[in-house]
Amino acid sequence: MCGIVGYVGSRELSRRPLEIVLEGLQRLEYRGYDSAGVAVNFGTGIDVRKTAGRVEHLRESLTADDVPAAYCAIGHTRWATHGQPTDANAHPHYSQTKNVAVVHNGIVENFAQLTEELVTAGHTFYSQTDTEVAAHVLGEELDTIGNLRDAMLRTVNRLEGSFALVATAVGEPDTIVAARRNSPLVVGLGEGENFLGSDVAAFIGHTKRAMAIGQDQIVVLRPDSVDVINFDGTPAEGDVYDVDWDVNAALTDGFDTYMEKEIHEQPHAVLETLLGRRTKDGYLQLDDMNITEAELRTIDKIIVVACGSAAYAGHVAKYAIEHWCRIPVEVELAHEFRYRDPVLNAKTLVVAISQSGETMDTLMAVRHASEQGSRVLAIVNVYGSTIAREADAVLYTHAGPEVAVASTKAFSAQITAAYLLGLYLAQLRGNKYPDEVATYLDELDKMPSRIEQVLAEEDQVKALAREFVDATSVLFLGRHVGFPIALEGALKLKELCYIHAEGFAAGELKHGPIALVEPGVPIFMIVPTPRRPLLHSKVISALAEVKARGARVIAVAEEGDDAVDGQADAIIRVPLSTPTLMMPLVTVIPLQVFACELAKCKGYDVDKPRNLAKAVTVE
């Protein structure tokens, strides 16, 4: 949820620690933007500055105050979980004696018990947050044991829940200590300086060398060293890797918003997901496959676990994998999965889909599946993320950083990865001959250019959005693979425009939802190709039903489909001859553009919609 940044490296007092942390917070603001703050350590003391509101508000407030030069600094941008977004609840938080400052991502589940213990011991609290409780525990341990590393080691064994905890202490200005349990944390390795962040965007402008910190580990950062230990005090090693994108990938690059940029990056994201997947012999290969071919041949059920847009990508995966592999596929919302006592065994493959690889609901589903003896394959975008590390196999989407909260290119890349998984299994299990798999892969290779064709007509979609700026309700209808795209289109409007929007299976219309149709209500119809006449005719019938009741129909239809002419009020065309199962990659594009433009017309922040954060790292 929240964004964490840390820097240590200055050999003398300077403003560099503050500037690097503020820059990192700006890059991580998509993770939370209720409030922000920094703590700078100048050796004999720690100065904390924080405020409700966005990072820019924090930066502006600092110009009026003389923040001390420092040796190291930590910072935080918040998505509120405990306590409202106020100045007092913003991070960092001091310990009781102000010997420590702490920032934190996650939830301390036993904070009430700890609070009671600390109040009894004479502690006073100034916020409503569980983070301040953790800070007081750490400060108490530091007073007892005398050094920050060992104090953190004792503290994490008193805390329950999920957390990334980062601290700096008076008298140790060359040291930052951080701990990780179920919440992302990555180190940036520099020359004579080191960095810390919730993800690599925090420091990508300064180094591309990174170290992933594992579950239940503590990392000690000094200018010339990075040491890792486990929560039991034993030495450990982090996973060092090179980041495969640069700082420009995290900039808007001439677009007004990150979301617009990322919509236009979808051809490249799909291409990158497809690159390097064929061997010289024409066979498919995936990334880190630590599940044997023999095990995959015995799989008799697949369960996809995901949340939000990733779950809708999973629904597309269901259509493709069942068709190509003849394996039954279930799609589960990850936060419901383990609570309904699902039927799992060694012949069940659980596919976890998450852009960040840190989605807590999905991570908990992964762990439950593993405990039940199932194999887990993860489709994620972030190398070294928790889900990627805990899964038995990983298929990386290689979409690059996605900064806008509302997912676009990650969604398209997830669908592409799901196609690759389906074809891989079909090839491995003998459901498809090699030449059939090659034909499908050839079609996938054409999808980036087809997406570009749709994007070339975005002005038409933007004009439509401006027509509906006063709409209070929008419906989306689809059938077959058009159904999850209808759900995704509705989600984008809810996320960005704060209006009622619902997606339905077109066949469900007459079973209740048609009661919502009234004159003037906008309805998007995802129309299947006429090359699937049975599917096509059913959706055209639904189109006629809502049109007869006065709806304003926007059809997303294939080039040359004249059945929608004269019936729809507006028609958005997608490229001819796109295979049915691959249609989601082109039909979703205009829905993303529509939601983005409508939000801009309403004056809303497209990249940072209210109440939302990019990575949901609490359950």
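Here, the structure is the one placed above.
These lines cover the structure that appears in this document, whether it is placed above or below. None of these values were measured; they are calculated from a predicted model. (Residues numbered from 1 in each chain as written. Predicted model: local features only at pLDDT ≥ 70, side-chain atom pairs only at ≥ 80, totals over all residues. Heavy atoms only, no water.)

Thoughts on the overall build of the protein
What counts here: Here a helix means four or more residues in a row that DSSP labels H or I, a strand means two or more in a row labelled E, and each is numbered from the N terminus. Note on method: radius of gyration uses C-alpha positions; expected globular size equals 2.2 Å times residues raised to 0.38. Accessible area is worked out with a 1.4 Å probe on protein chains only. A residue is then buried under 20% of its type maximum, exposed over 50%, and partly exposed in between. Any two residues whose heavy atoms approach within 4.5 Å at even a single point are treated as in contact. Calculation of accessible area relied on Shrake-Rupley with a 1.4 Å probe; when residues are assessed, cover is drawn exclusively from the protein chains displayed.
The number of helices and strands found in the protein is 18 helices and 26 strands. Its C-alpha atoms give the protein a radius of gyration of 25 Å, near enough to 25 Å, the size a compact globule of 619 residues would have. Scored against the burial criterion, the 619 residues of the protein give a buried share of 61%. Pairs at least 24 residues apart make up 71% of the contacts formed inside the protein by residues separated by at least 6 positions. Only carbon and sulfur atoms are counted for the fraction: they give 48% of the accessible area of the protein, which is about 22500 Å².

Considerations on the sheet that holds strand β18 (residues 329-333)
The condition is simple: Only strands joined by at least two bridges in the DSSP assignment are considered to pair. All axes here are fitted lines through C-alpha atoms, helices being fitted over the stretch that makes contact, and every angle between N-to-C directions spans 0 to 180 degrees.
Pairing is mixed in the open sheet, where 6 strands are placed in the order β16-β21-β20-β19-β17-β18. The two strands at the open ends of the sheet, each matched to only one other strand, are β16 (288-289) and β18. Strand direction decides the pairing type here: strand β17 (residues 301-306) and β18, joined by 5 bridges, are parallel. Pairing of Ala-306 across the sheet is with Leu-333, part of β18. Each of β16, β17, β19 (348-354), β20 (375-380) and β21 (393-396) is contacted by helix α13 (residues 409-429), which is oriented at about 140° to β20, the strand it contacts most.

Structural notes on the packing of helix α7 (residues 266-274) against α13
To keep it simple, the criterion reads: What sets the label is the angle itself: under 35 degrees gives roughly parallel, over 145 gives roughly antiparallel, 65 to 115 gives roughly perpendicular, and the rest give oblique. The handedness criterion is simple: a crossing whose near helix is rotated anticlockwise from the far helix by less than a right angle is left-handed, and one whose near helix is rotated clockwise is right-handed. Residues were grouped as follows: Ala, Val, Leu, Ile, Met, Phe, Trp, Tyr, Cys and Pro as nonpolar; Asp, Glu, Lys and Arg as charged; and all remaining residues, including Gly, as polar.
Where α7 meets α13, the closest approach of the two axes is 9 Å, and the angle between their N-to-C directions is 30°. In terms of axis orientation, α7 runs roughly parallel to α13. As for the relative orientation of α7 and α13, their crossing is right-handed in sense. Residue-level contacts link Gln-266, Ala-269, Val-270, Thr-273 and Leu-274 of α7 to Lys-409, Ser-412, Ala-413, Thr-416, Ala-417 and Leu-420 of α13. Counted by class, the contact of α7 with α13 contains 6 nonpolar, 4 polar and 1 charged residues.

Re the sheet that holds strand β23 (residues 500-505)
Paired through backbone hydrogen bonds, the strands of a sheet run either parallel or antiparallel to each other. Reading across the sheet, the 5 strands line up as β23-β22-β24-β25-β26 and stay open at both edges, with parallel pairing between neighbours. The open sheet terminates on both sides in strands that have one partner only, identified here as β23 and β26 (570-574). Across the sheet, the axes of successive neighbouring strands diverge by a mean angle of 15°, strand direction being ignored. By the bridge criterion, 5 bridges tie strand β25 (residues 552-558) to β26 in an arrangement that is parallel. Among the inter-strand pairings, Ile-554 is bridged to a residue of β26, identified as Ala-570. Running over the sheet, helix α18 (residues 584-601) touches β22 (473-478), β24 (522-526), β25 and β26 and is turned about 160° from β24.

Description of the packing of α13 against helix α14 (residues 434-455)
Direction vectors running N to C along α13 and α14 enclose 170°, while the axes themselves pass 10 Å from each other. Relative to α14, the element α13 lies roughly antiparallel. Between α13 and α14, the residues in contact are Tyr-419, Leu-420, Leu-423 and Gln-427 and Val-437, Tyr-440, Leu-441 and Leu-444, respectively. The residue inventory of the contact of α13 with α14, partitioned by class, reads 7 nonpolar, 1 polar and no charged.

Focus on the nonpolar core
The test is simple: Grouping buried Ala, Val, Leu, Ile, Met, Phe, Trp, Tyr and Cys residues that are joined through side-chain atoms within 4.5 Å yields what is termed a nonpolar core.
Judged by nonpolar contacts, the single largest core of 123 residues is most densely connected at Ile-302 and Leu-493. Of all the elements, α13 adds the most residues to this core, at 12 residues. Leaving out residues up to four positions away in the same chain, Ile-302 has contacts with Ile-321, Ile-327, Pro-328, Val-329, Glu-330, Leu-349, Val-351 and Leu-425. With 27 residues, the next largest nonpolar core counts Leu-118, Leu-148, Leu-153 and Ile-218 among its residues.

Details of the pattern of salt bridges
As a reminder of what qualifies: Here, a salt bridge means any side-chain nitrogen of Lys or Arg that lies within 4 Å of a carboxyl oxygen of Asp or Glu.
Summed over the entire model, instances satisfying the criterion amount to 39 salt bridges. Between Arg-531 and Glu-558 there is a salt bridge, with the nearest N and O atoms lying 2.7 Å from each other. With Arg-531 in the loop between β24 and α17 (533-548) and Glu-558 in strand β25, this pair connects stretches of sequence that are 27 residues apart. Since its relative accessible area comes to 43%, Arg-531 is described here as partly exposed.

Some words on the environment of Gly-171
Mapped onto the elements of the fold, Gly-171 is located in the loop between β7 (161-169) and β8 (176-181). The class for Gly-171 is exposed, based on a relative accessible area of 54%.

Structural notes on the layout of surface pockets
Where we set the bar: Site definitions follow a grid-based scheme: protein atoms alone, a 1 Å grid, a 1.4 Å probe that fits but cannot get out for cavities, and for pockets an open set with protein on both sides within 12 Å along at least five of seven lines, plus lining residues having an atom within 4 Å of a point. Grid points are joined across faces, edges and corners, and a volume is the space filled by probe spheres set on the points.
Each pocket or cavity is described by its volume, and for the second largest pocket that value is around 510 Å³. In terms of lining residues, the second largest pocket is bounded by 27 residues, among which Cys-307, Gly-308, Ser-309, Lys-614 and Val-616 are the most central. Listed by contribution, the elements that provide at least two residues to the lining of the second largest pocket are α9 (308-325), β19, α11 (360-371) and α16 (482-497). Among the residues forming the lining of the second largest pocket, the class breakdown is 11 nonpolar, 11 polar and 5 charged.

Description of the state of the cysteines
Short version of the rule: Any pair of cysteine sulfurs within 2.5 Å is marked as a disulfide.
Considering all chains together, one arrives at 0 disulfides under this definition. Free cysteine Cys-497: the closest other cysteine sulfur is in Cys-596, separated by 8.8 Å. The structure places no disulfide on Cys-601, whose sulfur is separated from the nearest cysteine sulfur, that of Cys-497, by 8.9 Å. The exposure class of Cys-601 is partly exposed, given its relative accessible area of 33%.

What to know about empty space enclosed by the protein
This model, assessed by the stated rule, comprises 2 cavities of 30 Å³ or more. Counted as a void, the largest cavity has a volume near 100 Å³. Surrounding the largest cavity, 13 residues form its lining, Arg-479, Val-481, Gly-482, Pro-528 and Met-583 being those nearest its centre. Those elements that provide at least two residues to the lining of the largest cavity are α16 and α18. The residue inventory of the lining of the largest cavity, partitioned by class, reads 7 nonpolar, 5 polar and 1 charged.

Remarks on the packing of aromatic side chains
The cut-off we apply is this: A pair of Phe, Tyr and Trp rings is counted when the ring centres sit within 6.5 Å of each other, with Trp represented by its six-membered ring. The angle between the planes then sorts it: under 30 degrees is stacked, over 60 is edge-to-face, the rest tilted. Geometrically, a charge over a ring is one whose NZ (Lys) or CZ (Arg) sits within 6 Å of the ring centre while staying within 35 degrees of the ring normal.
The tally for this structure, following the rule as stated, stands at 11 aromatic pairs. Through a chain of ring-to-ring contacts, three or more aromatic side chains come together here, namely Phe-468, Phe-476, Phe-524 and Phe-594. Positioned above the aromatic ring of Tyr-498 is the side chain of Arg-610, whose terminal nitrogen or guanidinium carbon lies 4.0 Å from the ring centre.

Quick look at α18
Rules: Take the residue count of a helix, subtract one, and multiply by 1.5 Å to get its expected span.
Over its 18 residues, α18 runs 26 Å from end to end, which matches the ideal 26 Å to within 8%, given 1.5 Å per residue. Buried residues dominate α18, accounting for 16 of its 18 residues. Where α18 ends, the next residue or the one after it, Gly-603, has phi of about 85°, a positive value.

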